[in-house]
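What the coordinates show
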Amino acid sequence: MRTVDVAIVGAGFAGLAMAGALRRAGRDDIVVLERAAEVGGTWRDNTYPGVACDVPAHLYSLAAHPNPHWSRTFAAGGEIQQYLRDVADREGLGDRLRLRTPLLGARWDAEGAVWHLDTGAEPVTARSLVLACGRLTEPHVPAIEGLESFAGPLFHSARWDHDVDLAGKRVAVVGTGASAVQLVPELARRAAHVTLFQRTPAWIVPRGGVDIPRAERERLAAHPGDLARLRAALFAEGEERFASRSGDAVASAAARDVALAHLHAQVADPALREALTPDYAFGCKRVLLSDAFYPAVASNAVTLEPTALASVEGSVLTAASGERHHADVLVLATGFAAAQQPYAELVQGEDDTLAAHWSAGMTSFGSTVVAGFPNLFVLNGPNASLGHNSAVLMAEEQAAYVVRALCERDRRSDRVLRVRPEAEAAYTDEIAAAAASTPWLTGGCRNWYVDDRSGRLTLLWPGTVQAFHERLTGADGSEFEPARAPVTGSLPTHPHG
C-alpha cells in the first residue's frame, strides 16, 4: 500500500496544474493516477481529423509553463498533447506519476481521516484526494433505434478509428457541435461524400488565426516579458467576450450580427442559410469558431440533413424528417456525458456516493469542495467551465485554492476539512441567481451546461475569470466546519502551510 498526502486523479491540464501548484508550494508527497498510457486528457483521446483548440494557444497554456513555440494561433490537438508531455517532464513527476492506473473506487475512512483508493493494483491511501478527471472524457452515444445494426465502421469522434480508410466512402456524421465543425471540412476532402445530420444549428463566428513565423516564436522565447504581455492581452479579449455570451443586449446583438454576416458571406443558397441559422439566443449553446465549415457544407461534397438521425437499418440512415441516406461509415460527433461525471459513482463519502449527492445535478462550494466529502477537491467539476475564455485559467485558480485549503487543513487539530452544507447551498443559490436571466437558461435551446434533472446551470461559471479568482481568493475558511476532536491514526502534519 502506498500512503501519500495528496492523490490526484487525472493527468490532463487540471491534474498537471494541480501537481505543479503543490510542488511549488513545497508539497512533494503526492501521486498522480492516470488511467491511460500517457498524459494529456482530452488532447490524448481526441485525435479526429482537424482537432484543434478554439482558444488562442498562448493563453491555452499553464502560467507556470508559458510556451513561446506554438506554431499556430490556434494549436492543433497533437501539438497541445506534446505540450502536456513536455509539462509533465518539466515538472519532474517521476514515480509520482502512475500511468495505466485507473481509479476503480475511493472511500473516505472517518476513523483514519484518509481516503482509500482502489486502483486494481497497489492500493493508495491519501489524506486528501483531488479529482482532476475532466468533463469531456466519456463519449455520449445517443439512443438511436437500430444503431447496432449499422453495417460499416461506427465510432465516436473521441475514439477515432484511424484504421478506417475514408477514401471513396460515404461518411455520415451525427452532430454539429464543436467536434463536427472541425471534422466535417476534413472529411469533405477525404471521403466520396459526407452526410451531416443536424439536430440544432450552431452560432458560428470567424476563426481567423495564422501560422506563427519562426522569427516571432524566437522573439517570444528571447523576451519572456513580451509573451507575458501577449497572454495578458489575450486574457482581456476573452474577458470582453463574456458580455456577448451571457446576454448583454448590445454585445449579444453585435456578436449575432457578426455570426449572421459570416453565414451570409459563406453560404449563397438561401434555403441552406435558413437551415443553418439558429432560432435561439446567441450564447445559449457554445459559440463555435470556423472559417471552413460553411464552405464545406455549401459544397457538393456535403449534404446537410437538417434533422436528427432517427433510426438505422444496415447502411440506411433515416432522419427525423423521413429522408433516407446511405452511408459506409458512421461517425458520432455527439459530445460527452458532461453534466453527470462518470467518476461520481466511484467516490464514497461520509454518507453517500458523489453520484447520489449530485442526483439532482452537481453542487459544491467554490466549484471545488463538496459537503459530505471531507478533504476532497474537484477540478473541472461543478460550475467550473467557461464559454468565453480559457478553461485552463479556471483549473489554475482551483489548484491555488486547493493549496490554500491544505494549509488550513494542516492547522486544524483533526486535519480534516468538512464543507458546511449551508455554505454549499448558499454557493448553489448564488450560481442560480447569477444564471437566472442568462441565455443559458432563457435562450430557448438545450445545452450541455444545464442538468436536465434539475434545470440548473451546473457546468458553466456564470461570470468572468476575474470574478472567479476574486470569489476563491475571498474564501476565508468559513466554508468548512470547525475542527472536531482529533482522530487516532492520522498521518503526521505536513510541515508546510
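Note that residues are indexed from 1 along each chain, following the sequence as it is written. Only residues with pLDDT of at least 70 are given local features in this predicted model, and only at 80 or more are side-chain atom pairs given and counted; all residues enter the totals for whole chains, interfaces and linings. Note that water and hydrogens are dropped before the side-chain values are worked out from all heavy atoms of the structure.

Examining the environment of Cys407
How we decide: Working definition: helices are DSSP H or I runs of at least four residues, strands are E runs of at least two. Numbering for both runs from the N terminus. We call a residue buried when its accessible area falls under 20% of the maximum for its residue type, exposed when it is over 50%, and partly exposed in between, using a 1.4 Å probe and counting protein chains only.
Among the structural elements, Cys407 can be located in helix α11 (residues 391-411). Exposure remark for Cys407: the relative accessible area of 18% places this residue in the buried category. Taking C-alpha positions, Cys407 is 10.0 Å from Ala25, a pair spaced 382 residues apart along the chain.

Concerning the nonpolar core
The test is simple: Definition of nonpolar core: a set of buried residues of the types Ala, Val, Leu, Ile, Met, Phe, Trp, Tyr and Cys, connected through side-chain atoms within 4.5 Å. It only takes one pair of heavy atoms within 4.5 Å for two residues to be counted as in contact.
One finds Ile8, Phe13, Met18, Ile80, Val173, Leu276 and Phe293 to be the most contacted residues of the largest nonpolar core, which totals 105 residues. Looking at this core, the element that brings in the most residues is α11, giving ten residues. Once residues lying within four places of it in the same chain are set aside, the contact partners of Phe13 are Trp43, Tyr60, Ser61, Leu62, Ile80, Tyr83, Leu84 and Val392.

As for the environment of Glu34
By the secondary structure assignment, Glu34 is in the loop between β2 (30-33) and α2 (42-45). In this structure Glu34 comes out as buried when scored by relative accessible area, which is 5%. Among residues more than four places away in sequence, those in contact with Glu34 are Gly10, Ala11, Arg44, Arg98, Leu99, Arg100 and Thr101.

A short note on the environment of Ala339
By secondary structure assignment, the location of Ala339 is in the loop between β16 (329-332) and β17 (347-348). Residue classification places Ala339 among the buried residues on the basis of a relative accessible area of 15%. Considering only alpha carbons, one finds Ala339 and Arg107, 232 residues apart in sequence, at a separation of 22 Å. Leave out the neighbours within four places in its chain, and Ala339 touches Met362, Asp451, Arg453, Thr458 and Leu459.

Describing the packing of helix α1 (residues 13-24) against α11
Pairs of packed helices are described in terms of their axes, by the angle between the two and the distance that separates them. We count it as follows: Between N-to-C directions, angles span 0 to 180 degrees; the directions come from axes that are lines fitted to C-alpha atoms, helices contributing only their stretch in contact. Angle categories: roughly parallel below 35 degrees, roughly antiparallel above 145, roughly perpendicular from 65 to 115, and oblique for all the rest. Each helix crossing is assigned a hand: it is left-handed if the near helix lies turned anticlockwise from the far helix by less than a right angle, otherwise right-handed if that turn is clockwise. The residue classification treats Ala, Val, Leu, Ile, Met, Phe, Trp, Tyr, Cys and Pro as nonpolar and Asp, Glu, Lys and Arg as charged. All others, Gly included, are polar.
Viewed as axis vectors pointing N to C, α1 and α11 meet at an angle of 40°, and their least axial separation amounts to 9 Å. One way to sum up the angle between α1 and α11 is to call them oblique. Considering how the two elements wind past one another, α1 and α11 form a crossing that is right-handed. Across from Phe13, Ala14, Ala17, Met18, Ala21 and Leu22 in α1, the residues of α11 making contact are Val392, Ala395, Glu396, Ala399, Val402, Val403 and Leu406. Class assignment of the residues belonging to the contact of α1 with α11 gives a composition of twelve nonpolar, no polar and one charged.

Describing the pairing of strand β1 (residues 2-9)
This is how the line gets drawn: Being paired, for any two strands, means DSSP has found at least two bridges between them.
Counting buried residues in β1 gives six out of eight residues, a clear majority hidden from the surface. Pairing between β1 and strand β6 (residues 124-131): seven bridges, direction parallel. From the neighbouring strand, Thr3 faces β6, where its bridge partner is Thr125.

Section: helix α14 (residues 465-473)
This is how the line gets drawn: It is the directions from the helix axis to the C-beta atoms that the arc portrays.
Val465, Phe468 and Leu472 are the residues of α14 that are buried. Projection of α14 onto a plane perpendicular to its axis shows the buried side chains occupying an angular sector of 55°, all on one side. Contact partners of the buried residues in α14: α6 (224-246), α11 and α12 (421-435).

Details of the state of the cysteines
Just so we agree on the cut-off: What counts as a disulfide here is a pair of cysteine sulfur atoms lying within 2.5 Å.
Counted under the stated rule, the structure contains one disulfide. Across the disulfide, Cys284 is cross-linked to Cys445 (sulfur-sulfur distance 1.9 Å). As the torsion about the S-S bond is roughly -100°, the Cys284-Cys445 disulfide counts as left-handed. Remark: Cys445 occurs in the loop between α13 (439-442) and β19 (450-451) and Cys284 occurs in the loop between α8 (270-275) and β11 (288-289); sequence separation between them is 161 residues.

Structural notes on unusual backbone geometry
Unusually for a residue other than glycine, Asn383 sits at a positive phi of about 50°. Here Asn383 shows up in the loop between β18 (376-378) and α11. Looking at Asn383, the relative accessible area reads 4%, which means it is buried. Within the chain, Arg415 stands out as a residue other than glycine whose phi angle is a positive 55°. A relative accessible area of 17% places Arg415 in the buried class.

Focus on the sheet that holds strand β13 (residues 309-313)
If you trace the three strands from one edge of the open sheet to the other, you get β13-β14-β15, paired in antiparallel fashion. Of all the strands in the sheet, the pair left with one neighbour each is β13 and β15 (324-326). Averaged over neighbouring strand pairs, the angle between their axes works out to 25° when direction is ignored. Pairing of β13 with strand β14 (residues 316-319) involves four bridges; the strand directions are antiparallel. For Glu313, the partnering residue across the bridge sits in β14 and is Val316.

Focus on the packing of aromatic side chains
Definition in use: Pairing of aromatic side chains requires ring centres within 6.5 Å, counting the rings of Phe and Tyr and the six-membered ring of Trp. Pairs whose planes differ by under 30 degrees are stacked, by over 60 edge-to-face, and all others tilted.
This model, assessed by the stated rule, comprises twelve aromatic pairs. Consider the rings of Phe155 and Trp160, whose centres lie 4.8 Å apart with planes at 80°: the pair is edge-to-face. Assigned by exposure class, Phe155 and Trp160 land together as buried. Residues Trp461 and Phe468 carry aromatic rings whose centres are separated by 5.1 Å and whose planes lie at 65° to one another, so their mutual orientation is edge-to-face. Owing to a relative accessible area of 0%, Phe468 belongs among the buried residues under this scheme. Ring pairing ties together the aromatic residues Phe13, Trp43, Tyr60, Trp70 and Tyr83, which thus form one cluster.

Comments concerning the side chain of Arg27
Under the convention used in this document: Counting of polar contacts relies on pairs of N or O atoms within 3.5 Å, with two restrictions inside protein: one atom must be capable of donating a hydrogen and the other of accepting it, and residues adjacent in sequence are counted only when both atoms are side-chain atoms.
Counting through the fold element by element, Arg27 comes out in the loop between α1 and β2. A polar side-chain atom of Arg27 sits 3.4 Å from a polar atom in the side chain of Asp5.

Overview of the layout of surface pockets
Here is the rule: Here a cavity is any set of points on a 1 Å grid over the protein atoms alone where a 1.4 Å probe fits but cannot get out, and a pocket is any open set with protein on both sides within 12 Å along at least 5 of 7 lines; a residue lines the site when it has an atom within 4 Å of a point. Grid points are joined across faces, edges and corners, and a volume is the space filled by probe spheres set on the points.
Reported here for the second largest pocket is a volume of approximately 350 Å³. Along its surface, the second largest pocket is lined by 17 residues, and Gly50, Ala52, Gln182, Glu186 and Arg207 are the ones closest to its centre. When residues in the lining of the second largest pocket are grouped by element, the largest group, five residues, is from helix α4 (residues 178-190). Its residues placed into classes, the lining of the second largest pocket shows nine nonpolar, three polar and five charged.

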